[in-house]
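Listed below, chain by chain, are the residues.
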Amino acid sequence: DSTIEYPVITKPTDGCGSNGFSVCKDYAELLVGYEKAKAASPTGSVLIEKFVNNNSVVVFYTFSEGKLIFSGLEDKFPVRYSETGSYVAGMHLFESLHKDEFVQKFEAKLGELFAHIGIKEGSLWIEVFRDNDRYYFNEVGFRYSGSVSIYPVDYFYGINQVAADIHYALTGESNICSHASLINSNVPHKKSYCVYNVHMLPGTISNICGIEELREMPEVVFIADTKRVGDNVKATGTVGQVFAFVHFVYDTEEELQQMITNIHQILHVYDGNGNDLLVNSFEYIE
């Protein structure tokens, strides 16, 4: 214990979505966090890591004939559940203010890494914690992100990663730029793109209101709603408490704030007693 600098985090070696995650400020909390992570791990294995500033960036890449193609960098903002002490994403903003810095520092090295591995086709994302001018590479996903990042990648770079992957799987030919766009032609072209995670309180969903009205707003690109009437949502402090990922575009900070306000005025999820289960991530969650 004397060799450990607190705070540290404990998490399952083979977990995802903040399941089994804890921030531990002393040895007693470390013991509790270790057991929590172990219970959440299919293999019973646990990682203990230094706790760093967990504002992060996520970089997206597309591969074509072995070439690494930059496909966007988002700023990912965490929110903390006061009940469980766990962190989960609250909002994703494209493009990151740190894009040029990140590309200059890391893209050549990442290109060498993936060339050595031998990746020829497909896509990936890498989450990187950013603490002032220091970057901590956290994890990589050889898949589309849970926030459905294929939409902002298409919006800014014109790459429909899903269509490109299907085309390659069916034909064996690399083609990443000749497919129909995921973005509706009526969506206005704006400077910035937000994926807003709509969190909810635990409870059983009895009624959902306003989601179709929200989808009709011109700035809304896509809504990935993950819950249905009858679903019972537990207080896990994980992505399991996200009701929907709302994608929208904006130009100014004021437009961003107004759209979040609009989301909470229009979209409602009720339990059987008429209580609205949706919460504003940045008010309810620490």
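Quick note: structure is the one above.
Residues numbered from 1 in each chain as written. Predicted model: local features only at pLDDT ≥ 70, side-chain atom pairs only at ≥ 80, totals over all residues. Heavy atoms only, no water.

J.: An account of the pattern of salt bridges is needed here, citing residue identities and associated values.
T.: Where charged atoms from two side chains of opposite charge approach closely, those side chains can pair. With the rule as written, the count across this model stands at 9 salt bridges. Between Glu 95 and Lys 99 there is a salt bridge, with the nearest N and O atoms lying 3.5 Å from each other. For Glu 95, a relative accessible area of 21% corresponds to the partly exposed category. The class of Lys 99 is partly exposed, set by a relative accessible area of 24%. Linking Glu 255 and Lys 190 is a salt bridge whose minimum nitrogen-to-oxygen distance equals 3.2 Å. Of this pair, Glu 255 sits in helix 6 (residues 253–266) while Lys 190 sits in the loop between helix 4 (161–171) and strand 9 (192–200), placing them 65 residues apart in sequence. Among the residues examined, Glu 255 registers a relative accessible area of 29% and is labelled partly exposed. (Salt bridge = Lys/Arg side-chain N within 4 Å of Asp/Glu carboxyl O. Buried < 20%, exposed > 50% of the residue type's maximum accessible area, 1.4 Å probe, protein only. Helix = DSSP H or I, 4+ residues; strand = E, 2+ residues; numbered from the N terminus.)

J.: Tell me what's going on with the nonpolar core, and back it up with residues and numbers.
T.: Among soluble globular proteins, nonpolar side chains are generally buried collectively. Phe 243 and Phe 248 are the most contacted members of the largest nonpolar core, which has 27 residues in total. Ranked by size, the runner-up nonpolar core spans 21 residues in total, among them Val 148, Ile 183, Ala 224 and Val 242. (Core = buried A, V, L, I, M, F, W, Y, C linked by side-chain atoms within 4.5 Å.)

J.: Pulling in residues and values, what's your account of unusual backbone geometry?
T.: Between Tyr 6 and Pro 7 the backbone carries a cis peptide bond, its omega angle lying at 0 degrees. Of note, the amide linkage connecting Phe 94 to Glu 95 takes the cis form, showing an omega dihedral of -20 degrees. Within the secondary structure, Glu 95 is located in the loop between strand 6 (87–94) and helix 2 (99–117). One non-glycine residue with positive phi stands out, namely Glu 65, at about 50 degrees. Residue class for Glu 65 comes out exposed when judged on its relative accessible area of 66%. For Val 148, which is not glycine, the phi dihedral falls at a positive 65 degrees. Judged by relative accessible area, which is 18%, Val 148 ranks as buried.

J.: Go over helix 3 (residues 150–157) with me, naming the residues and quoting the values.
T.: When you tally the buried positions in helix 3, you get 6 out of 8 residues, the bulk of the element. Gly 158, located one to two residues past helix 3, shows a positive phi value of around 65 degrees.

J.: Outline the pairing of strand 9, listing residues and values.
T.: Side-chain positions along a regular strand alternate between the two faces of the sheet. Most of strand 9 is tucked away: 9 of the 9 residues are buried. Burial along strand 9 is two-sided: Ser 192, Cys 194, Tyr 196, Val 198 and Met 200 facing one way and Tyr 193, Val 195, Asn 197 and His 199 facing the other are all buried. Direction of pairing for strand 6 relative to strand 9: antiparallel, over a ladder of 4 bridges. Paired with Phe 94 across the bridge in strand 9 is Tyr 193. Bridge count between strand 9 and strand 16 (residues 278–279): 2 bridges; the pairing is antiparallel. (Pairing = 2+ DSSP bridges.)

J.: Give a description of the packing of aromatic side chains that names residues and reports values.
T.: Within the structure shown, the criterion is met by 15 aromatic pairs. Ring centres of Phe 70 and Tyr 157 lie 5.9 Å apart, and the angle between their planes is 80 degrees; this geometry places the pair in the edge-to-face category. Within this pair, whereas Phe 70 is found in strand 5 (residues 67–80), its partner Tyr 157 is found in helix 3, the two being separated by 87 residues in sequence. The class for Tyr 157 is partly exposed, based on a relative accessible area of 27%. With 6.0 Å between their ring centres and 80 degrees between their planes, Phe 94 and Tyr 193 make a pair best called edge-to-face. Of this pair, Phe 94 sits in strand 6 while Tyr 193 is found in strand 9, placing the two residues 99 residues apart along the sequence. On the basis of relative accessible area, Phe 94 is assigned to the buried category, the value being 2%. (Phe/Tyr/Trp six-rings, centres within 6.5 Å; stacked < 30°, edge-to-face > 60°.)

J.: Before we move on, can you summarise the sheet that holds strand 2 (residues 22–24) with the specific residues and values?
T.: Pairing is antiparallel in the open sheet, where 3 strands are placed in the order 2-1-3. Sheet topology places strand 2 and strand 3 (46–50) at the edges, where each strand pairs with a single neighbour. Neighbour-to-neighbour, the strand axes of this sheet turn through a mean angle of 30 degrees, independent of strand direction. Pairing analysis gives 5 bridges linking strand 1 (residues 8–12) to strand 3, with the strands arranged antiparallel. Of the residues in strand 3, the one forming a bridge with Thr 10 is Ile 48. Sitting on the sheet, helix 1 (residues 27–40) is in contact with strand 1, strand 2 and strand 3, with an inclination near 20 degrees to strand 1. (Axes fitted to C-alpha atoms, helices over the stretch in contact; angles between N-to-C directions. Contact = heavy atoms within 4.5 Å.)

J.: Lay out helix 6 in plain terms, naming residues and giving numbers.
T.: Counted at 1.5 Å a residue, the expected span for helix 6 with its 14 residues is 20 Å, and the 20 Å between its end C-alpha atoms agrees. Leu 256, Met 259, Ile 260, Asn 262, Ile 263, His 264 and Ile 266 are the residues of helix 6 that are buried. (Expected span 1.5 Å × (residues − 1).)

J.: Talk me through the environment of His 247; I want residue IDs and the actual numbers.
T.: With respect to the element layout, His 247 can be found in strand 14 (residues 242–250). Ignoring anything within four residues of it in the chain, the contact list for His 247 reads Ser 147, Val 148, Tyr 151, Pro 152, Tyr 193, Cys 194, Val 195, Glu 219, Val 220, Val 221 and Phe 222. Polar contacts involving the side chain of His 247 include one to the main-chain carbonyl oxygen of Ser 147, which spans 2.9 Å. (Polar contact = N/O pair within 3.5 Å; in protein donor to acceptor, adjacent residues only side chain to side chain.)

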